[in-house]
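Descriptive structure summary
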Number of protein chains: 2
Amino acid sequence: MANHDALPLVVLTEQFAKLPGIGMKSAARLAYHVMSMDSSEVEEFAQALLNARNTLHYCRCCENLTDRELCPICDDPSRDPSTVCVVESPKDISAFERTGEYKGLYHVLHGLISPLRGVMPDDLRIRSLIDRVREGGISEVIMATNPTVEGDTTAAYISQLLKPLGVSVTRLAFGLPVGGMLEYADEVTLYKALENRSEM
Amino acid sequence: MANHDALPLVVLTEQFAKLPGIGMKSAARLAYHVMSMDSSEVEEFAQALLNARNTLHYCRCCENLTDRELCPICDDPSRDPSTVCVVESPKDISAFERTGEYKGLYHVLHGLISPLRGVMPDDLRIRSLIDRVREGGISEVIMATNPTVEGDTTAAYISQLLKPLGVSVTRLAFGLPVGGMLEYADEVTLYKALENRSEM
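Presented here is an overview of the structure given in this document.

Rules used in this analysis
Residues numbered from 1 in each chain as written. Chains lettered and ligands numbered in written order. Predicted model: local features only at pLDDT ≥ 70, side-chain atom pairs only at ≥ 80, totals over all residues. Heavy atoms only, no water. Helix = DSSP H or I, 4+ residues; strand = E, 2+ residues; numbered from the N terminus. Buried < 20%, exposed > 50% of the residue type's maximum accessible area, 1.4 Å probe, protein only. Contact = heavy atoms within 4.5 Å. Phe/Tyr/Trp six-rings, centres within 6.5 Å; stacked < 30°, edge-to-face > 60°. Buried area = accessible area lost by both parts, 1.4 Å probe. Salt bridge = Lys/Arg side-chain N within 4 Å of Asp/Glu carboxyl O. Least-squares fit on C-alpha atoms with pLDDT ≥ 70 in both. Axes fitted to C-alpha atoms, helices over the stretch in contact; angles between N-to-C directions. Left-handed = near helix turned anticlockwise from the far one by under 90°. Nonpolar A, V, L, I, M, F, W, Y, C, P; charged D, E, K, R; others polar. Expected span 1.5 Å × (residues − 1).

**As for the environment of glutamate 88 of chain A**
All names here are of chain A. For glutamate 88, the location among the structural elements is in the loop between β3 (80-87) and α4 (90-99). Given a relative accessible area of 22%, glutamate 88 falls into the partly exposed group. Not counting chain neighbours up to four residues away, the residues in contact with glutamate 88 comprise Val108, Leu109, His110, Gly111, Leu112 and Asn146.

**A word on the packing of aromatic side chains**
Under the defined criterion, the tally for this structure stands at nine aromatic pairs over all chains. Ring centres of phenylalanine 45 of chain A and phenylalanine 45 of chain B lie 6.3 Å apart, and the angle between their planes is 70°; this geometry places the pair in the edge-to-face category. Of this pair, phenylalanine 45 of chain A sits in helix α3 (residues 39-55) while phenylalanine 45 of chain B sits in helix α3 (residues 39-55), on two different chains. Like phenylalanine 45 of chain A, the residue phenylalanine 45 of chain B is buried in the burial classification. Measuring from ring centre to ring centre gives 6.3 Å for phenylalanine 96 of chain A and tyrosine 106 of chain A, while their planes differ by 50°; the resulting arrangement is tilted. Of this pair, phenylalanine 96 of chain A sits in helix α4 while tyrosine 106 of chain A is found in strand β4 (residues 104-108), placing the two residues ten residues apart along the sequence. Like phenylalanine 96 of chain A, the residue tyrosine 106 of chain A is buried in the burial classification. Here a set of aromatic residues connected by ring pairs shows up, and it is made of Phe16 and Phe45 of chain A together with Phe16 and Phe45 of chain B.

**Describing the interface of chain A and chain B**
Chain A puts 53 residues into the contact, and the matching count from chain B is 52 residues. When chain A packs against chain B, close to 4,900 Å² is buried across both sides, 68% of that on carbon and sulfur atoms. Inspection of the chain A/chain B interface yields two salt bridges. The salt bridge partner of lysine 18 of chain A is glutamate 44 of chain B, with a shortest N-O separation of 3.9 Å.

**What about the relation of the copies chain A and chain B?**
In the superposition of chain A on chain B (RMSD 0.0 Å, axial shift 0.0 Å), the rotation amounts to 180°. The superposition of one copy onto the other is thereby described by a two-fold rotation axis. In terms of proximity to the rotation axis, the leading residue of chain A is alanine 46 of chain A, whose C-alpha is 2.2 Å off the axis. By residue overlap, the copies meet face to face through one surface: 98% of the interface positions of chain A are interface positions in chain B.

**As for the packing of α3 of chain A against helix α1 (residues 7-17) of chain B**
As a packed pair, α3 of chain A and α1 of chain B sit with axes 9 Å apart at the nearest point and diverge in direction by 145°. Every pair of crossing elements has a handedness; the one defined by α3 of chain A and α1 of chain B is left-handed. Here Glu41, Glu44, Phe45, Ala48, Leu49, Asn51, Ala52 and Thr55 of chain A of α3 of chain A come into contact with α1 of chain B, specifically with Pro8, Val11, Leu12, Gln15 and Phe16 of chain B. Looking at side-chain class alone, the contact of α3 of chain A with α1 of chain B contains eight nonpolar, three polar and two charged residues.

**Digging into helix α2 (residues 24-35) of chain A**
End to end, α2 of chain A covers 17 Å across twelve residues, agreeing with the expected 16 Å (1.5 Å per residue, within 8%). Among the residues of α2 of chain A, those classed as buried are Ala27, Ala28, Leu30, Ala31, Tyr32, Val34 and Met35 of chain A. Buried residues belonging to α2 of chain A abut α1 (7-17) and α3 of chain A together with α3, β2 (65-66) and α4 (90-99) of chain B.

Read these as spatial facts, not as claims about activity.
In structure tokens:
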């Protein structure tokens, strides 16, 4: 946008452009769209942003995003607490839940080990995973990080820490396209990957 | 998103999914991204939405979006007030300004005539354009609507109203790909279309 544009519109465009996958042209389009929305709709949108950011925190048990103390999955007595699926981020949980086949619990790392980006093991929620396993009742931990260098490294690192605790550590089968992103996998591929998981 | 997701996150995802060109999967990605932003950044974003929507209105002269009474283009004494370029929406002005070649003023219709969608001439800012021309001082009106059925219809309709007023009415040259969208045209194509405009 150039200097002939009204400043509030430029500011809004820049805010949209900060979001992942949205360039300056799409951002301008979205900003102009906001101008055509009702005032009340824009207020709802702004409120949804603030609400989501301010009322959500991490589940005491699995580190998933929730507005309660325990997330609905950890709090569900019909789920099998002896299996824990370790994922990079909360959006990966949605992908597994869509398969409808996984009945265990989750653990969210909130990132992957990446020395190049300065993300070290202590920056992730690994300690709380070890504590969960130490408390007992868990027989299998499924490493469900993305099949990328960082995902594999993180899975291997956590596996080394968990094995001495006498728990079975498995990895998703590579039904997933190598180098791909877990959240874009279709339900069947993801279910196959879950079914064919292997000891690591 | 399924029922295991926290409600504020579902609400935010739905808000993003209402925006043009954003499907449910992208919307979920954006919602999760908001969770990883600083609280202060989210507040800035929400504030930018409200500011843009609440402080902007239409320019008294050309109907462009502005936070002043006259937009910076109408208010610029170095622009040529005898030429008026008629566009569908404010974002089309940005496209023309990027060419750096157009020195006249604009008029924003805020839509195109489309009986199928129930948009009639009276729903657009056509009356204020006629009034501007009646006031005098305008020698040429350039119809710069998109080269689509609706854009051509609107240009022809306005042309019929303006010609009896003794003003020259021109149409952008079809350097633009027919059926394409004006806002995605590159600067050179748009400049050529402007240069080769023809009497209509």
